[in-house]
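If you want the building blocks of each chain, they are given just below.
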Amino acid sequence: MHYQRIQMIFHRLLAPRRSLRLKLVILFLIAALLPLFTFGWLSFTKSSELLQDQLGKYGSNAVTQLQYQLDSELSQMELVTEYVHAYLLNPSRIAIHREIPRSYSDLHEQSDLEDFLKALKTVKQRGLFIITKSGYFYGENSIKTTILKEQTWWKAIPADYAGEYWPGFYTPRHYKEFAENEKVLGLVVPIRNQQGALKDSRILIEMNADKMYELFHLFEKSTQAMLTIKNSTGQLIYQSAHAFKPQENDVVWSKSLSLNDWTLEARLPYKSFFQSSNIIRSYTVVGLLFSGLLALLLGFLFSSRVTGRIKRLKESMFLAGKGRLQTRIPVQDRDELGVLAHSFNRMIGQIQDLVQEITITEKLKKEAELRAFHYQINPHLLFNTLNSIQWKARLQGNEDIRKMLYHLAMLLEGNLDITQELVTLRKELDIIDHFLHIQRIRYEHEVNYEQQVDESLMHYVIPRMSLQPLLENIFFHAFEDGCGTIRVTVEEDGEDLVLRLTDNGKGMTEENRQKLLQGTYRSKRGRGLGVNNVDQKFKLHFGPLYGLDIQSVVGQGTVITIRWPKKEEDEHDNQITH
Amino acid sequence: MSNKRSMVTTLLLLIALTVSACGGGGGATSNQGSEGSSGSKDTEKTLRFATWDTGDSLKVQQDIAKLFEKQHPGVKVQIEPYADGFDQKLAASFGAGNPPDVMLMWDFPTYYTNLEPLDSFMSKDASLKLDDIYESLFNYVKVDGQTYGLPSGFTTRALYYNKKMFDDAGVPYPKDGWTWDDFKAAAKKLSNPAKKQYGFGIRTSNDPYDLQGIVWSNGGSFVSADGKDIEGQMNSPETAQAIQQFGDMLKDGSAALVGGKNQMSGDDVFKAGKIAMWESGVWPLEGFKTAKVDFGTVEMPVFPGKPVKGIVALSAISVAKQSKQKDLAWEFTKFFVSNEVIKMRSNSDLPIRKSLVQEMKFDQNPLYLPFYNMLERSDNTPAFLLNRNWKLVNRYLTTAIDSVMLGENAQDALNAAVKDAKKYIDKK
């Protein structure tokens, strides 16, 4: 089952024109994906462009900010060393007479200088010292110059260096108390303009770099960039802890400090820089896939509903076309398909009615034909015989018999000619004339017969043998004594002809009249079907609107009215086909 | 129909989803740096407590704060460890009108105008058991007759001696009541400059405050009893002699300078067994124990015929005048001098309550006993409590004393200091 279904889908995929559903689904997909794809692509490119722009700005701003921070930190240190220089240069006092104090006044000078250095101390400052060439120092008693002199960064300072020397960041191992992970930022300024005790001393100022490191780490964390600080000789001052291999296509922000020769450089790998764009892209793609899937699902569900109904309609039509007219389509919605189904149902209903009607008509025709066949006698034998008798009667001089035979032959000729169903009014009236002649001779009574038919109406057709049964009825039932007046009139009434057969016989009751019309009347002699048959004949030929009507007053007579449409003789119509 | 509507809704939803997904990528980068503000609840009171403690003793303070919080639900004690910058930060906070509610205090003459007088609180609170506290300690917390803090801990000064070095040199252990001559003789015997081993350690930078006991013991003083005169006090022969003897010891090689520039601190030198005797407060005692130095303590030596005098270094606790929750601050102050808390602090400070000293058997512990004995001899008023400008005078005095350790004559140096400092003594 499953396999078959897959095969079917596969088949449909190969021949897509055959499935309305597939077309609908594809349409749905296009309708859903086209705007999504366009907007998704647009929003991706725009937002990633914006992001990159912002990230670029953010990065360069952050580097600039770091530069400012470092600059302000460094300039503060520089400022402090300048204060110390200015103090030492003050001509109103000679700062230090003896390097290592010996006397009250020596100590006083030292404590004055140390008080001055102490006053310059800020919270961020780790220490401020003047270190003499011999290793004695002024300032807080918190360092050991013996250890300081072993520090590589201290040893790296050239003996004849002039100006500010920035050793960078280092662990303050020369302090009596320090933490292994502690970092300070140092500045060494050799004192070049002093003689005596302070000759070739150095000012050492050290700032806590914890905050600076925090800033660096924050920068690294927020930008994912690697930070390097180098001086002009290419010596590394600071480098991010995490491993990083500089690449050609790295995004680089670079800034030089205004205070010294350091350069700040932040490198962001190309990949990281575009990381956010990639995230947006993957979100967009996922969104597209998801919505595509949803559109596919919805399209499939929706179209299966629509195409299912169309398919049912198609199948019903096919069944109906094959003749199963009882087929009906259940009408669920009142949309176009519902209306279509409804119309189809109505049409099929009408066809069914029509077919039923035709079936009944055909059946009746068949019956009539059978009956005619039943009564078919060899006319030639009959006529020849009748002619022979007629001749014999003439030879014997029996004029009455000859006349009768003549009229009978004429009557029979009309009656037995079944090749034509519709005959002209003239011919039918002629036959009636012969019939009346025979009746007159038979009953030897004078029956008044009046005929009032316009000559211009004589060529219209009337069903064969439609008047004779009615006349026979009059003779059999209305005129029990054989006396009376029969009147036939034919008039035009628009497109119709109206024939009135009037007698002044005994008439009939309303009950009999109804029975007669419905063909349920039975007389003692088993007759009476005639009237109904005539009515049926007209209805068969001209439709249910036409036919016979009876009006009768008991004891006064009966009027039979027949209405049928004007129709001229037509060769083809009258051919009976077997 | 309903199908169609739901279809449209779904499509709109999808678009909204996609758009918000795109927006999410942009928003993710912008939520850094917004730190959660940890504002305390309105119902919670925060008591600020400033201390100069660091390291282990700071941890003790934090335990004390926690205990107080536990006993006083709804109160948070915020410890502000000012450490080395204590004076600077405290002065700044008073200046800015935003001082801590409670703080450790010793320098009452400088700060008392910013502190809340506690006499009314003390008189109302019998649970304080004031008579259990050594009376002499109250000398240090009073200015102009008003009490501005409760003593919370103290130390006097005594002599530590290295038993092993005494044994090695064949010198008998010192006993309470020994004289300075005994001391100098022992120091001489204990010194061996060739091995860089000395009988006594002398600070390169001295705090004159610490030397007051010795000066008093010799009948000298830094300032007159009314606090108005230093001439003939600071440079009196008695004062000069008390200082000079250390300079002499350095000269004859029975003592060494410690704690100077590029020198080890005296505590470390004592631990290293390079000095046999060391004068200090109770603070390094635990450290010496930890370093497994075989040591004893003894009262300061006497000048023959003169009573030995001691000096007290007191830590007290005070309430800021500007505090907005003085009742709570007083609660904490009271709590801080309770037996429970004093016990917790007894590693760095000597207990101030007599009952507790008995309970903890400090009066029977030979290591601690000299400190309590010295307390009984600490009935002189230190100079800084007698003159408001003592800080200025002290600077010259310090220089003078330090110069003696460097070889100056004490009398000359003190004369010079008096000459220089005199102009400050009358400044009001």
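Residues numbered from 1 in each chain as written. Chains lettered and ligands numbered in written order. Predicted model: local features only at pLDDT ≥ 70, side-chain atom pairs only at ≥ 80, totals over all residues. Heavy atoms only, no water.

**Description of the overall build of chain A**
- A tally of helices and strands in chain A yields 15 helices and 16 strands.
- Burial analysis of chain A (578 residues in total) assigns 42% to the buried set.
- Of the contacts formed within chain A by residues at least 6 apart in sequence, a portion of 65% connects residues at least 24 apart.
- Accessible surface, chain A: about 33,900 Å² in total, of which carbon and sulfur atoms supply 56%. (Helix = DSSP H or I, 4+ residues; strand = E, 2+ residues; numbered from the N terminus. Buried < 20%, exposed > 50% of the residue type's maximum accessible area, 1.4 Å probe, protein only. Contact = heavy atoms within 4.5 Å. Areas by Shrake-Rupley, 256 points an atom, 1.4 Å probe, with all protein chains shown as cover.)

**Side note on a nonpolar patch on the surface**
- Residues F37(A), F39(A), W41(A) and L42(A) make up a contiguous nonpolar surface patch of roughly 470 Å² in combined accessible area.
- Secondary-structure assignment places F37(A) in helix α2 (residues 20–89). (Patch = residues over 30% accessible without salt bridge, like charges linked within 9 Å, V, L, I, M, F, W, Y side chains within 5 Å. Salt bridge = Lys/Arg side-chain N within 4 Å of Asp/Glu carboxyl O.)

**Notes on the sheet that holds strand β8 (residues 198–203) of chain B**
Residue and element names in this part refer to chain B.
- An order of β9-β8-β10-β7-β11 is seen for the five strands of this open sheet, with the pairing classed as mixed. Each edge of the open sheet carries a strand with a single partner, namely β9 (255–258) and β11 (295–298). Across the sheet, the mean angle from the axis of one strand to that of its neighbour is 30°, orientation sign disregarded.
- The sheet contact formed by strand β7 (residues 158–162) and strand β10 (residues 275–280) spans four bridges and is antiparallel. Pairing of A158 across the sheet is with S280, part of β10. (Pairing = 2+ DSSP bridges. Axes fitted to C-alpha atoms, helices over the stretch in contact; angles between N-to-C directions.)

**A short note on the sheet that holds strand β6 (residues 226–230) of chain A**
Residue and element names in this part refer to chain A.
- Strand order in this open sheet of four strands is β7-β6-β9-β8, and the pairing throughout is antiparallel. Looking along the sheet, the strands with just one partner apiece sit at the ends: β7 (236–239) and β8 (251–256). Taken over all neighbouring pairs, the strand axes of this sheet differ in orientation by 15° on average, direction set aside.
- Here β6 runs beside β7; their pairing, made up of three bridges, is antiparallel. For K230, the partnering residue across the bridge sits in β7 and is L236.

**Topic: the packing of aromatic side chains**
Residue and element names in this part refer to chain B.
- Taken as a whole, this structure holds 53 aromatic pairs over all chains when the rule is applied.
- Taking the centre distance of 6.2 Å and the plane angle of 65° together, the rings of Y134 and F154 count as edge-to-face. Remark: F154 occurs in strand β6 (residues 150–155) and Y134 occurs in the loop between α5 (119–124) and β4 (142–143); sequence separation between them is 20 residues. Exposure class is identical for Y134 and F154. Each is buried. (Phe/Tyr/Trp six-rings, centres within 6.5 Å; stacked < 30°, edge-to-face > 60°.)

**Concerning the confidence of the model for chain A**
- Per-residue confidence for chain A averages 83 on the pLDDT scale, and 92% of its residues sit at or above 70.
- Counting interchain partners and residues more than four positions distant, the pLDDT-below-50 stretch residues 573–578 of chain A has ten contacts. (pLDDT = per-residue confidence, 0-100.)

**Brief notes about the packing of helix α2 (residues 55–71) of chain B against helix α12 (residues 326–336) of chain B**
Residue and element names in this part refer to chain B.
- Close contact between α2 and α12 brings their axes to 11 Å; oriented N to C, the two are set at 125°. Accordingly, the angle class assigned to the pair α2 and α12 is oblique. Once α2 is placed against α12, the crossing between them reads as right-handed. Between α2 and α12, the residues in contact are Q61, I64, L67, F68 and Q71 and L328, E331, F332, F335 and F336, respectively. (Parallel < 35°, antiparallel > 145°, perpendicular 65-115°, else oblique. Left-handed = near helix turned anticlockwise from the far one by under 90°.)

**Focus on unusual backbone geometry**
- Although it is not a glycine, M465(A) adopts a positive phi angle of roughly 55°.
- You can see M465(A) is positioned in the loop between β12 (461–463) and α13 (468–478).
- The residue N262(B) is not glycine, and still its phi comes out positive at about 60°.
- Tracing the sequence through the fold places N262(B) in the loop between β9 and α10 (266–271).

**Comments concerning the environment of G220(B)**
All names here are of chain B.
- By the secondary structure assignment, G220 is in the loop between α8 (208–217) and α9 (237–251).
- In this structure, the C-alpha to C-alpha distance between G220 and N235, residues 15 residues apart in sequence, is 9.0 Å.
- Those residues in contact with G220, other than ones at most four positions away along the chain, are V215, S236, E238 and T239.

**Some thoughts on the environment of A295(A)**
Residue and element names in this part refer to chain A.
- Mapping A295 onto the fold places it in helix α8 (residues 275–321).
- Residues A295 and A31, 264 residues apart in the sequence, show an inter-C-alpha distance of 8.6 Å.
- Those residues within four positions of A295 in sequence are excluded, and the remaining contacts are F28, L29, A32 and F300.

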